[in-house]
Amino acid sequence: MRRTKWGGLIDDGLRGSGFFRVAERDGVFWLVDPGGGRFLSKGVDTVRFDQDRIGGTERVPYAEACRTKYGSLQIWRTVVSDRLASWKFNTVGCWSDELVASAGSQLLATAPTAELGASFRLHRREQVFPDVFDPEFSAHIRASADQRCRHRRNDPGLLGTFIDNELYWSPDWRGADELLTLFLNLPSHRPGRVAAISGLQAHYRDFAQFNAVWRTQARSWEELGRIEHVVAPFVRLRPGVLNDALETKANLADPAREAFSADCDAFVAVVADRYFELCVSAIKTAAIPIISCSDHGSAISRWQASLQRPAAISM
């Protein structure tokens, strides 16, 4: 089989563009490497010299051992790059020393993470998930994408940029909260809380109909915007094939639970659509040729319609 210098399988029906891209071939979507080869990315995260430090110190035992063995950082990069290639890996993943990718005899792709949404969340300590409706979120995303992505704009080895890593989209090992209830419990002046209430108000004919499902202590939409804490009337299982089947069964048995689930899923879709719209636009403005999204694969089925904006999805 003929291969490009990136290791992709040469296909006469595909052309090289000088960058990684996504293309459809006989009904199958492929990553296409800069030379026009069909590319199946196999990568390793956190390939770096300065691994974890001993708590409370500046000591990095891995770096100390490698410096003793190899003598220098550059020699380590070359050895590690060749080792990854010999193990049939072709990508240096997130949180890695990207110079490893070009240090060996075989070129490797890179797939860094920009952590756009996560970096905004650090500015809003009360938010588990970034408030995508906050005007400052859009400005932050544009500035962060420019800072973190623009220097890679002409890098042919860039496979894709992960927008974020495992944001809290739904109940998981970190908690049982729904994204909708998290936004309903933001401070009353936050745009995300206003957007959450507005969406519910647009869906239900009147407040009594809403409260028949949500069972809050509020007596009006205005009061809902002021109460200190909204408690979810039901607790859903973490997304997953078995749990999704149990959720479907429970919803069929209780119309109120089904309505609650529909409210939560609809809000996640709205948030996801805005999140991806802003992030993808910001990264494209920074001239990145391909975008990759990383999040919980098990939760993706709940908002598939919102995932048409990124060029590729990592599950």
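This text goes with the structure placed above it.
Residues numbered from 1 in each chain as written. Predicted model: local features only at pLDDT ≥ 70, side-chain atom pairs only at ≥ 80, totals over all residues. Heavy atoms only, no water.

## Section: the pattern of salt bridges
For clarity, the threshold we go by: Between Lys or Arg on one side and Asp or Glu on the other, a salt bridge is scored when a side-chain nitrogen of the former is within 4 Å of a carboxyl oxygen of the latter. Helix numbering and strand numbering both begin at the N terminus, where a helix is a DSSP run of H or I of at least 4 residues and a strand a DSSP run of E of at least 2. For each residue, the accessible area found with a 1.4 Å probe, counting protein chains only, is set against the maximum for its type, and the residue is called buried under 20%, exposed over 50%, and partly exposed in between.
Enumeration over the complete set of coordinates arrives at 14 salt bridges. Arg236 is the partner of Glu178 in a salt bridge, and the nearest nitrogen-oxygen pair spans 2.7 Å. Residue Glu178 is located in the loop between β8 (161-162) and α5 (179-184), and its partner Arg236 is located in the loop between α8 (221-224) and α9 (241-253); the two are separated by 58 residues in the primary sequence. With a relative accessible area of 3%, Glu178 lands in the buried category. The class for Arg236 is buried, based on a relative accessible area of 5%. Between Arg219 and Glu223 there is a salt bridge, with its nearest N and O atoms 3.4 Å apart. On the accessibility criterion, Glu223 (17% relative accessible area) is buried. Overlapping salt bridges, with partners in common, bring together Asp11, Arg25 and Arg38 in one network.

## Describing the sheet that holds strand β7 (residues 109-110)
As a reminder, the rule being used: Strands are treated as partners if at least two bridges between them are detected by DSSP.
Read from one edge of the open sheet, three strands run β5-β6-β7, paired in parallel fashion. Each having just a single partner strand, β5 (43-44) and β7 make up the two edges of the open sheet. Of the strand pairs in this sheet, β5 and strand β6 (residues 91-92) are connected by two bridges, and their pairing is parallel. Its bridge partner being in β6, Gly43 is matched across the sheet by Thr91.

## Digging into the sheet that holds strand β4 (residues 37-39)
Sheet strands line up and pair through hydrogen bonds in the backbone, either parallel or antiparallel. Spatially, four strands are ordered β1-β4-β3-β2 in an open sheet, and the strand pairing comes out antiparallel. Each having just a single partner strand, β1 (9-10) and β2 (21-25) make up the two edges of the open sheet. Bridge count for strand β3 (residues 28-32) against β4 is two bridges, and the pairing is antiparallel. Its bridge partner lying in β4, Leu31 is registered against Phe39.

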